[in-house]
Amino acid sequence: IIRELIEFKPEEQGTNISEALRYLNNVVKKRCIAFLISDFMDQDYEDSLKLANKKHDMVALRIYDERETEMPNVGMAQFTDPETGEVRWVNTSSRKIRKGYREAALNREMRADNALRRAGIDMAAIATNESYIKPLRNLFSKRS
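Residues numbered from 1 in each chain as written. Predicted model: local features only at pLDDT ≥ 70, side-chain atom pairs only at ≥ 80, totals over all residues. Heavy atoms only, no water.

So, about the nonpolar core. Nonpolar side chains in soluble globular proteins generally cluster together in the buried interior. Core analysis: the largest hydrophobic core is formed by 16 residues, its most contacted members being Leu21, Leu36, Phe40, Tyr45, Leu49, Met58 and Ile121. Elements that contribute at least two residues to this core include exactly helix H2 (17-27), strand S1 (33-38), helix H3 (46-55), strand S2 (57-64) and helix H4 (95-118). If we skip the residues at most four places from it in the chain, methionine 58 touches Leu21, Leu24, Ala34, Leu36, Ala52, Asn53, Ile121, Asp122 and Arg143. (Core = buried A, V, L, I, M, F, W, Y, C linked by side-chain atoms within 4.5 Å. Buried < 20%, exposed > 50% of the residue type's maximum accessible area, 1.4 Å probe, protein only. Helix = DSSP H or I, 4+ residues; strand = E, 2+ residues; numbered from the N terminus. Contact = heavy atoms within 4.5 Å.)

Written as structure tokens, this is what we have:
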């Protein structure tokens, strides 16, 4: 399974959590524990979460990077959206732009956390620059 995950080459760019959960529900017929590992930078997946959690025991691992919430002040910088391929130049010296970036990121995190909570799915947030041991230990002790 790990080799398959590492060698997997997606046919399309972009995140579609709803499609992944629909696939899970169609392929796995017996109730199972399913881990959804994502940054949850997607939209309109709450109904799919609820449906998948009714059929399976869903556990979410939200992976995040601090740079997704804090834009450094480095002047003009080129950004590429990894999902759409869109390239854009941004003046990171602008406080207004950095504040808007932070607010958008915090809103996105809040929407994901709220969607998981409303769906009744246990979740752990794991930072890319920290050990995953503590968040996972807390998650599993909460579930036991």
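Looking at the element boundaries, histidine 56 is found in the loop between H3 and S2. Taking the relative accessible area as the measure of exposure, histidine 56 reaches 0% and is therefore buried. Beyond its immediate chain neighbours, meaning those up to four positions away, histidine 56 contacts Leu24, Asn25, Val28, Lys30, Arg31 and Cys32.

Note that every value here comes from positions in space, so none of it alone points to a role or purpose.
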